[in-house]
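# Examining the three-dimensional arrangement
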Amino acid sequence: MEKNDAEEKDVISIDIIGAVRKHLAALIVTFVVVTAAVCGYTFMQTPQYSATAEVFASYKGVSSDNNQNTDMTTRSYATSYINTQLQSYPQLVKTEAILQPVIDEMGLNTTVSALAGKITAQQPTDTFLVDITATDPDPKVAADLANNVAKSLKDQVSSTLYSSDASESSPINLSIVQSAQVPTTHSSPNIKMNIAIGIVGGLVLGLILAIVLDLLDHKIRQASDLQDILDVPVLGALTRNDVYAGKAPVVISRPASREAEEIRRLRMNLTYVMPDKGEHSNLIVITSAGVSEGKTTTSVNLAAAYAEAGKKILLIDADLRNPSVAKALSMNGTVGLSQLLTYQVKSTDAIQQYWKENFHVLPAGKRAPNPGILFNSKAMKSLLDQVSGIYDYVIIDTAPLKVANDAAVFVKEGATMLFVSGLGHGEKKDVRAAAEELETLDVTVAGAVLNFSEEEKSDDNYYYYYSDGEDGKSRRKRRSSSKKTSRKSKKS
């Protein structure tokens, strides 16, 4: 139980970190706005100064020394009586009886209620003291207010407040034991505390915003989104570029381009995660969670990369519901896998050569109403046995898992699954559903490919760029960024 709790905490922390990374800009903006707003509000406030006067309460007739003639009962009564009365003084100082004399004495142009807002009083615990504090933008006025309120309270309590007749004396005696001094520093606003609150508040609100934005975002935005669900390594990333939508794979149309290098890197990384031995260990099945995420683009380009490396490759379009490989390669796809599995044609009639002698393609052929039955047939098993022994690699482009679980059939036959996800296009719920189904079927995903990723800017002093020569062949050039800058400077 404790282990499960610890694992849940780790998942939560990872989710928070992932949310912060994805929405770091929103967090920073929130932090800056909140902190700036708090600082602006703080510095726009008029500084207030506070001064405190202190009075001491005693009971008349009871000496402060330890006189043996003093009746202990009287002393106990006096103590209890003073404590009871002191509890009312914090409110008493705000009344008209106390404040009106102060207004008259100081000649203030204000009301009792307005002045009461500037006065506070409190009784320190276990004492007969009352602290009277006055606050005002003028430090001298603050001190004068505190002293005059203390004097007014003393006069009222010690003379007529407790007596109905002026000839009678009050049982309480107040003495001013500490006069208020003119403050040298303002009491508010508390700049350090307010800034600290702004910083902490900005961070907390920014973090909450990042988490909320992450919860509301249902798309796969970055590698961590996919890895958190599938828990597989990302073997490659294909940038968002129209060159992938060309009439030929990028290693053919633009062999020296950045995109071609991305495909070659994917080919190399995939080779490392594929099993060395085993039946059908050279089969690679490519799928995705949803439609239009780039699985066919990945399939045709990866096949071309293997062919470029001298490997004998067969690319099979096993998406019989929506064939697309033939169209991507500008080939005739009317005859292919569907006819081959139903014994309408021979393999020599269905398989076509493309680009190189070692690059063969088996189109989907006519759309089949029951692809699942065909893929689970003896004919399919026999075809896989045959081609896995002839070719170095067999790449199978299958339907998205949201549409059908055809890819699982090939993995059960020993194929390696490559999962393609389109950044900003793939839905998290679709990936979760696919992951749950694959787990139920005990199917393992070897790795993932991120499609539609953004191109990263290089910070190197030297960089490579690609261009096509006059003969139509792409060439890679190397230029120093410092030299480029100096040339621009000379031109300007």
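None of the values given here were measured: they were computed from a predicted structure.

### Here's the deal with the overall build of the protein
On a plain count of helices and strands, the protein comes out with 20 helices and 14 strands. A total of 492 residues make up the protein; the buried ones form 41% of that total. Expressed as a percentage of contacts within the protein between residues at least 6 apart in sequence, the contacts between residues at least 24 apart total 75%. Carbon and sulfur atoms make up 52% of the accessible area of the protein, which amounts to about 27,000 Å² in all.

### Side note on the side chain of Asn194
Structurally, Asn194 can be placed in helix H8 (residues 191-216). Look at Asn194 and you get buried, because its relative accessible area is 16%. When neighbours within four sequence positions are excluded, Asn194 is seen to be in contact with Val38, Thr42 and Pro189.

### Remarks on the UniProt feature "transmembrane region" (unreviewed entry) in the protein
Feature annotation in UniProt assigns "transmembrane region" (unreviewed entry) to the following positions: residues 24-44 and 195-216. What you have in residues 24-44 is 100% helix and 0% strand, and the ends, taken at the C-alpha atoms, are 30 Å apart. Note that residues 195-216 is 100% helix and 0% strand, and that its end C-alpha atoms are spaced 31 Å apart.

### Observations concerning the sheet that holds strand S11 (residues 416-422)
If you walk across this open sheet you meet the eight strands as S5-S12-S11-S6-S10-S7-S9-S8, and the pairing is mixed. Looking at the sheet topology across the chains shown, the edges are occupied by strand S5 (234-239) and strand S8 (352-354). This sheet shows a mean twist of 25° between the axes of neighbouring strands, independent of strand direction. Bridge count for strand S6 (residues 283-288) against S11 is five bridges, and the pairing is parallel. Its bridge partner lying in S11, Ile286 is registered against Leu418. Here helix H17 (residues 378-390) sits on the sheet in contact with S6, strand S7 (313-317), strand S9 (356-362) and strand S10 (393-397), set at roughly 140° to S10.

### A short note on the side chain of Glu293
Note on placement: Glu293 falls in the loop between S6 and helix H12 (295-308). Here Glu293 occupies a buried position and makes no salt bridge, while the nearest side chain of opposite charge, Lys402, is found at 8.2 Å. A polar side-chain atom of Glu293 sits 2.8 Å from the main-chain amide nitrogen of Gly290. Once residues lying within four places of it in the same chain are set aside, the contact partners of Glu293 are Ser288, Val420, Ser421, Gly422, His425, Gly426, Asn451 and Phe452.

### Description of the sheet that holds strand S2 (residues 119-122)
Picture the strands of a sheet paired through backbone hydrogen bonds; they go either parallel or antiparallel. Pairing is antiparallel in the open sheet, where four strands are placed in the order S2-S3-S1-S4. The sheet is open, and its two edges are formed by S2 and strand S4 (172-178), each paired on a single side. Across the sheet, the mean angle separating the axes of adjacent strands is 25° when strand polarity is ignored. Here helix H3 (residues 72-86) sits on the sheet in contact with strand S1 (49-59), strand S3 (129-136) and S4, set at roughly 150° to S1.

### Some remarks on the nonpolar core
If you look at the biggest cluster of nonpolar residues, it comprises 48 residues, and the most contacted ones within it are Leu337, Leu362, Phe375 and Phe410. Excluding its chain neighbours within four sequence positions, the residues that come into contact with Phe375 are Ala318, Leu320, Leu337, Leu341, Met380, Asp406, Val409 and Phe410. One finds Val112, Leu115, Val130 and Ile132 within the second-largest nonpolar core, a separate group that totals 35 residues.

### Here we look at a nonpolar patch on the surface
On the surface, Val200, Val204, Leu205, Ile208, Val212 and Leu216 cluster together into a nonpolar patch covering about 520 Å² of accessible area. Mapping Val204 onto the fold places it in helix H8. Judged by relative accessible area, which is 41%, Val204 ranks as partly exposed.

### With respect to the pattern of salt bridges
If you walk through the whole model with that rule in mind, you get 18 salt bridges. A salt bridge links Lys381 to Asp385; the nearest nitrogen and oxygen atoms lie 3.2 Å apart. With Lys381 and Asp385 both in helix H17 and four residues apart, this pair spans about one turn of that helix. Residue classification places Asp385 among the partly exposed residues on the basis of a relative accessible area of 33%. Note that Asp430 and Lys402 form a salt bridge whose closest N and O atoms lie 3.6 Å from each other. Here the residue Asp430 occupies a position in helix H19 (residues 428-440), and Lys402 occupies one in the loop between S10 and helix H18 (406-412), the gap between them amounting to 28 residues.

Conventions we followed
Residues numbered from 1 in each chain as written. Predicted model: local features only at pLDDT ≥ 70, side-chain atom pairs only at ≥ 80, totals over all residues. Heavy atoms only, no water. Helix = DSSP H or I, 4+ residues; strand = E, 2+ residues; numbered from the N terminus. Buried < 20%, exposed > 50% of the residue type's maximum accessible area, 1.4 Å probe, protein only. Contact = heavy atoms within 4.5 Å. Areas by Shrake-Rupley, 256 points an atom, 1.4 Å probe, with all protein chains shown as cover. UniProt positions renumbered as here; feature names shortened; annotations may be inferred. Pairing = 2+ DSSP bridges. Axes fitted to C-alpha atoms, helices over the stretch in contact; angles between N-to-C directions. Lys, Arg positive; Asp, Glu negative; His and termini not counted. Salt bridge = Lys/Arg side-chain N within 4 Å of Asp/Glu carboxyl O. Polar contact = N/O pair within 3.5 Å; in protein donor to acceptor, adjacent residues only side chain to side chain. Core = buried A, V, L, I, M, F, W, Y, C linked by side-chain atoms within 4.5 Å. Patch = residues over 30% accessible without salt bridge, like charges linked within 9 Å, V, L, I, M, F, W, Y side chains within 5 Å.

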